[in-house]
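Coordinate analysis (summary)
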Amino acid sequence: MTVIDAQGLVKRYRTGGQTLYALAGIDFALEAGEFVSIMGPSGSGKTTLLNILGLLDTPTEGTVLLEGQDVTGLGDSKRTALRKRTIGFVFQHFYLLPTLTAVENVEVPLLLDSDPQVKKRARTLLERLGLGERLDHKPDELSGGQKQRVAIARSLINSPKVVLADEPTGNLDSETGRQILDEFRRIADEDDVAIVAVTHDDLVNEYVDRTVHLVDGTIGRERKNGG
Amino acid sequence: MAGRFFPAALMARRNLTRTKMRSLLASLGIVIGVVAIASLGMFGVALQYSFTQNLGNVGNQLTVYPNSGENITELTERDMRTIRREASPTATVSPVKTRVEPVSYNREDAVRETIYGIENPGELYEAKEGRVSPFRSGALVGSSVAETHDLHPGSQITINGTSVRIRAVLEEGDAFSSTNPDNRVIVPATSFSQSGYSEAYVIESTGTQANETAMGIRDSLNDREQRVFVQELGSLVDTIEEQFQIINTVLAGIASISLLVAGISILNVMLMSTVERREEIGVLRAVGYQKRDVLKVMLMEATLLGFLGGIAGVILSLGAGLAINHYAVGDAMAVFRLPNAWYVGAAFAFGVLTSIVSGLYPAWKAASEEPVDALRG
Ligand SMILES: Nc1ncnc2c1ncn2[C@@H]1O[C@H](COP(=O)(O)OP(=O)(O)OP(=O)(O)O)[C@@H](O)[C@H]1O
Ligand SMILES: [Mg+2]
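The following refers to the structure shown.

Cut-offs used in this document
Residues numbered from 1 in each chain as written. Chains lettered and ligands numbered in written order. Predicted model: local features only at pLDDT ≥ 70, side-chain atom pairs only at ≥ 80, totals over all residues. Heavy atoms only, no water. Contact = heavy atoms within 4.5 Å. Buried area = accessible area lost by both parts, 1.4 Å probe. Salt bridge = Lys/Arg side-chain N within 4 Å of Asp/Glu carboxyl O. Polar contact = N/O pair within 3.5 Å; in protein donor to acceptor, adjacent residues only side chain to side chain. Axes fitted to C-alpha atoms, helices over the stretch in contact; angles between N-to-C directions. Helix = DSSP H or I, 4+ residues; strand = E, 2+ residues; numbered from the N terminus. Left-handed = near helix turned anticlockwise from the far one by under 90°. Nonpolar A, V, L, I, M, F, W, Y, C, P; charged D, E, K, R; others polar. Near = heavy atom within 4 Å. Areas by Shrake-Rupley, 256 points an atom, 1.4 Å probe, with all protein chains shown as cover. 1 Å grid on protein atoms, 1.4 Å probe; cavity = no way out; pocket = protein on both sides within 12 Å on 5 of 7 lines; lining within 4 Å. Points joined across faces, edges and corners; volume = space filled by probe spheres on them.

Once that is clear, we can look at the interface of chain A and chain B. Facing the 26 residues of chain A at the interface are 26 residues of chain B. Carbon and sulfur atoms make up 62% of the surface buried where chain A meets chain B, a total of about 2400 Å² over both sides. Ranking the residues of chain A by area buried against chain B places Tyr-95, Thr-99 and Leu-112 of chain A at the top, with a combined share of 28%. At the surface where chain A touches chain B, the tally comes to two salt bridges. At the boundary of chain A with chain B, the tally comes to eight residue pairs in polar contact (both at pLDDT 80 or more).

Given below as structure tokens:
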């Protein structure tokens, strides 16, 4: 099943009389359970693409279908509601709330719903990610890998269809990076969640189904893993 | 609703504890503002209370004066008959003559003073020493005069060269009453050669009755020209109380300036915090927080600051109120009177309100930042 289908994405920025194409016509489709990496030099438009796929940003041209529904022209509040329902984010700098414990951080996306089930689910997720002993620790009491696992748990709390990760291993050593990538692989396989990871790290490509190369806002050669 | 606000409150509370010192200082401003408003308000109430205590029961008195602006220098016998007719049957109506004469006490140099001629002073005054009635000769003196010149019944004073015997020293009157005899020398009206009166006192049994009589007198005597003025002490008291109200309002207004300052400091703290937490707020928006959710979390912080400061302020104000009332009214427990509760409540409400209003702009700013921009760092 195609979760995201983006056609002809263009993102233009106008700065000081110059027009900059962050994305210059990109088609990108994502199947459920697929783990895809996006690679490319700095400034090639990786984050821009990820933001558009995650409904954080809107393309200048082109269409985005999310589970078959055209979401291109939606306003901020509708996009926000869709993000909450179908999308999970993992960031390079983890971006955990330093005042909240691990469990509370995982609950954050659904915190305002006051659903008593959420806490239980947050605990289960953290236990699955091997953080059962660290549930009530604050982020500054956790290692980088542990923080990123909390962030992954947070991205899964709403049972998303897609998890978008911008350089999820960028701040981790390779051993910890592998653990995180193992988690992603497992989530894609077991939960049928589609995962897109932007990365500079070749390590990632050992785990993904395919890699998309971006160059100057266009898709370069595409490499399929394993066949 | 409370359920929906609770998680926001959790986040807000944790955020405030993150920068404890800063939050503490910000709500200290609110504490000071609340204490200033509440204690200045209570101070005004205490002033007013001690004033009314001193004022006594003067609401039922009227004084009728001739209108010198219309060249009417005295009240005639006819005027007096009209006044008597308008007053209720149980009222005391007391015409008063005055003249200025040289008076000398204890063989000192004579000083020109106003001498009051009253026919039946027994209707108005009680004696502290001596006897007021019958009053056919001699003089009555008020307590201040007696004290200054060491006069007692039987003492002699000299009025316009004639030696006069003191009959009685009068009881102190109400401070604001126009019949107050404390500084007066009173002689029988028969000793006056003039026939008109310079004023007349009417004492009714109640304030409402006094008011009706005042209107009646005005209607009858002033229908063609403004012959007389009728001064109602009751309305004077009202006027003074209005003045106190104004003073209180002004005091509270001055105190509100400190709340304004507190508001600015909260605005500052919240703005700093939105800048520092730009990315966090971006993350919240990314994971599905609507603008109004962010607004709610931020406003919750401001509200908590306000509540914190407000509650501390109320506690301190009650302490200040106990002290104020102890010294101004002589009864610390007088702090628990209704108008005080009103001031303390209003100060608290203003404190919280100031805090929320100050939080509005930073909260709005945080909520309207594009998450993409915030997350780019
Ligand atoms: N708001 C903006 N205004 C103007 N230009 C922008 C804006 N956002 C991004 N760009 C430009 O768009 C291009 C693509 O940016 P993007 O962040 O997608 O790159 P990236 O591939 O993620 O790079 P990196 O690997 O360094 O993170 C860059 O040249 C960037 O300068
Ligand atoms: Mg990037």
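So that's the structure; there's more coming.
Another aspect to go through is the packing of helix H3 (residues 77–86) of chain B against helix H5 (residues 207–221) of chain B. Residue and element names in this part refer to chain B. Contact geometry of H3 with H5 gives a least axis separation of 9 Å together with a crossing angle of 140°. Between H3 and H5 the crossing geometry is right-handed. Along its contact with H3, which presents Asp-79, Thr-82, Ile-83, Arg-85 and Glu-86, the element H5 presents Thr-213, Gly-216, Ile-217, Ser-220 and Leu-221. A class-by-class count of the residues in the contact of H3 with H5 yields three nonpolar, four polar and three charged.

Further remarks concern the site of ligand 1. All names here are of chain A. Neighbouring ligand 1 are 14 residues, the closest being Ser-42, Gly-43, Lys-46, Thr-47 and Thr-48. Take Ser-44: an N or O atom from its main chain is 3.3 Å from an oxygen atom of ligand 1. Here ligand 1 loses 71% of its free accessible area of 630 Å² to cover by the protein chains. Of all the elements in the fold, those that place two or more residues in the shell around ligand 1 are strand S1 (2–15), strand S2 (18–31) and helix H1 (46–53).

This part takes up the layout of surface pockets. Taken as a whole, the largest pocket holds about 670 Å³ of empty space. Every residue lining the largest pocket is counted, 30 residues in all, and those nearest its centre are Thr-47, Thr-48, Asn-51 and Asp-166 of chain A together with Arg-376 of chain B. Those elements that provide at least two residues to the lining of the largest pocket are S2, H1, strand S6 (87–90) and strand S7 (162–166) of chain A together with helix H10 (371–376) of chain B. Here the element with the most residues in the lining of the largest pocket is H1 of chain A; it accounts for five residues. Residue composition of the lining of the largest pocket, grouped by class: 14 nonpolar, eleven polar and five charged.

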